[in-house]
Amino acid sequence: MTPKSLVSESDHWPLWHPSTERIAGTNLTRFLQQVESRLSQSPETSPMASLHRWSVEEPTAFWSEVWDFNRIHVSKQPTEVIDDPSLMPGASWFSGSRLNYAENLLVDRNPRARRSTAIVSWNENGRYDSLSWEQLRDEVKLFAAALRQAGVSEGDRVAGFLPNIPEAVVAMLATSSIGALWSSCSPDFGIAGVIDRFSQINPKILFIGNKYFYNGKTINILERLKEIINKIPSIVKVVVVPYPGTEIKKKDNLKIDIYRWDEIIAVKEKNNIQYETLYFNDPLAILYSSGTTGKPKCICHGTGGVLLQHNKELQLHCDVKENDRVFYFTTCGWMMWNWLVGSLSSGATILLFDGFPLYKKDDLLFEFASEEQITLFGISAKYIDTLNNNKVVPKNNHDMSKLKTICSTGSPLSNDGFKYVYKNIKKDVHLASISGGTDIVSCFVLGNPFQPVYAGEIQNKGLGMDVDVFDDKGFSIKNTKGELVCKKPFPTMPIKFWNDKENKKYRSSYFEKYKNIWHHGDFAKITENGGFIIYGRSDTTLNPGGVRLGTGEIYSVVEKFEEIKESIVIGQSWNNDIRIILFIVLNQGYKLNEEIRVKIKKAIKSNASPRHVPSKIISVLDVPKTKNGKLVELAVKQTVEGEPIKNLEALANPGSLKQFKNIKELNE
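Residues numbered from 1 in each chain as written. Predicted model: local features only at pLDDT ≥ 70, side-chain atom pairs only at ≥ 80, totals over all residues. Heavy atoms only, no water.

A. Inspection of the overall build of the protein chain at higher detail. Looking only at helices and strands, one finds 19 helices and 34 strands in the protein chain. Taking 26 Å as the expected radius of gyration for a compact globule of 668 residues, we find that the protein chain reaches 24 Å, a close match to that expectation. Taken over the C-alpha atoms alone, the protein chain extends approximately 75 × 65 × 55 Å along its principal axes. When burial is assessed residue by residue, the protein chain has 59% of its 668 residues classed as buried. The long-range share in the protein chain, meaning contacts at least 24 apart out of those at least 6 apart in sequence, stands at 70%. (Helix = DSSP H or I, 4+ residues; strand = E, 2+ residues; numbered from the N terminus. Rg over C-alpha atoms; globule rule 2.2 N^0.38 Å. Buried < 20%, exposed > 50% of the residue type's maximum accessible area, 1.4 Å probe, protein only. Contact = heavy atoms within 4.5 Å.)

Spelled out as structure tokens, the structure:
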């Protein structure tokens, strides 16, 4: 057995250079022209470096220019941009301004385009629905009126337990149009997972799907409704949403008002929609942490911050323009769904996919991308690895001529993943690896259309984000692994955690390690190119002999073996130290033997370091993941060491943890 094309941590030659013509036509070029009089640029400094330096040194000027560039629609202009840039947390943004999130996404920018497409929907069986801008506005208007009639008003919570279908977008925009807070979970959450989340925020209204489809199977959602209602008494009305192509045969006998989606759509409402304007820092939505270490945190994000930050990332970093077609593979339970919906503010069409992305064919999503002429194609690093392992070559069978940008997130994208994209999908494409989180519902580090792309590296810091890497003592470091931090406030810092008295949980989550500095919890390094490498969560780093190592460095080697399907690494407490344990899932036809163990260790030793070599390599049948496909190393470590797992509902496959109990090899 030999590993496939082992490479160094980061290659030193670019995989892609933007052409002069492409740079000239970007939104970022227009923005630079707007602000160039403010910048002090030396000959040796790139335009992007100058722009970023100015954006963090002069936050009032920068965010004011972003506000103007995005043409934020307001009923009242702000009196100041930021009250105190030294407050971290606590800074207040765009005080005095009043706006509505939904209005900014639905504003009629071009009357001639009213019948053009706003949303396109596919599931694993192909295309099934679309909404024009005119239809989207009409449906939002109807549901906004229905919510008002149901007694929902500013500050109330509305919950969605829905597949990734257009109705979810309509419900979210209708909720925000009246100043209520939206919160959603995807239907792959079990009953306990839904109750753990929604019971903390006391929603008045629940939108729930009747069923969904995944990998050819039909899953009933409505059968969970009775228990949800019993455990969350704040819900006074339910709207049942039929999956496209299905019908709701009967209403359950529940002591609660239940409405059907089609009944509300059938209403002929002639009045115009009334948008409730909120202050910039008023709450918009509640998202949830993964909950792998306890009950999920309810992270409350603000109206203006989400709008402004998403516009900045989509328009300046990803070059999304009016009439572009933006897709991200996501569910309604992941922050990337909010990011995708935010693309409507740029006048772009959003494309939704619901179901299994490899159903019946490995290249299903590329069939989607080709037929719908997608311009921004968002996927996970794990999906790219799967395509690579399955030797899928999309460029041979699909038209990618309109594809400008591929975004990757969810976990670090490996060197081989970068190379796979340029070799097998499209040679001339901007591959933007991005990293942030639910905590900020946006990105700390991401791509930009000005600079070259290097294998294994995220291109740069987000504009306006004073991102750095610190050592444990709080000193800035380069070319050395450390903690990802942000040194100044930014608009998408959570406005609060729900039910968090005196912000105690909020402060302890981000501000305990470094005073007045956002500590994100990612293990990272700034490269010689000025890019970033993310090595995974810092709370799952390994510390054998007191030396801090990232699990990602082991994964990047192990995933290159064709015999290995998946792996997970933990640090096991042993003899007053930590020893590294590597669990592997083998592909069909292979069995773990001493020869394989030796070759894995040899590859890790030569391509990572001798310290990364695992003490034990053990074969398992499955590895635990969150609903969003992220490895849950901490849960494995806790299981191995006999500690309780606080929230199994956060896992997509909690049963996988049983195989990590009482392993004989881990007691020797």
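B. Seen up close, the sheet that holds strand β22 (residues 430-433). The mixed open sheet is built from 7 strands, whose spatial order is β7-β6-β19-β18-β20-β21-β22. Bordering the open sheet on either side are β7 (126-132) and β22, each of which pairs with just one other strand. Direction aside, the axes of adjacent strands within the sheet are offset by 20 degrees on average. Strand direction decides the pairing type here: strand β21 (residues 405-409) and β22, joined by 4 bridges, are parallel. Paired with Cys407 across the strands is Ala432, a residue of β22. Here helix α6 (residues 133-149) sits on the sheet in contact with β6 (117-123) and β7, set at roughly 75 degrees to β7. Lying on the sheet, helix α13 (residues 364-371) is in contact with β6, β18 (325-328), β19 (349-354) and β20 (376-380); it crosses β19 at an angle near 155 degrees. (Pairing = 2+ DSSP bridges. Axes fitted to C-alpha atoms, helices over the stretch in contact; angles between N-to-C directions.)

C. Broad picture of the sheet that holds strand β34 (residues 616-619). Strand order across the open sheet formed by 3 strands is β32-β33-β34, with mixed pairing between neighbours. Of all the strands in the sheet, the pair left with one neighbour each is β32 (564-574) and β34. Between one strand axis and the next, the sheet turns by 25 degrees as a mean value, whatever way the strands run. Strand direction decides the pairing type here: strand β33 (residues 577-586) and β34, joined by 4 bridges, are parallel.

D. Molecular detail of helix α7 (residues 166-177). Over its 12 residues, α7 runs 16 Å from end to end, which matches the ideal 16 Å to within 8%, given 1.5 Å per residue. For α7, a buried count of 12 out of 12 residues is recorded, marking the element as mostly surrounded by other parts of the structure. Buried within α7 we find Pro166, Glu167, Ala168, Val169, Val170, Ala171, Met172, Leu173, Ala174, Thr175, Ser176 and Ser177. Positioned one or two residues after α7, Gly179 has a phi angle of 85 degrees, which is positive. (Expected span 1.5 Å × (residues − 1).)

Take it as geometry only, folks, not as evidence of what the structure does.
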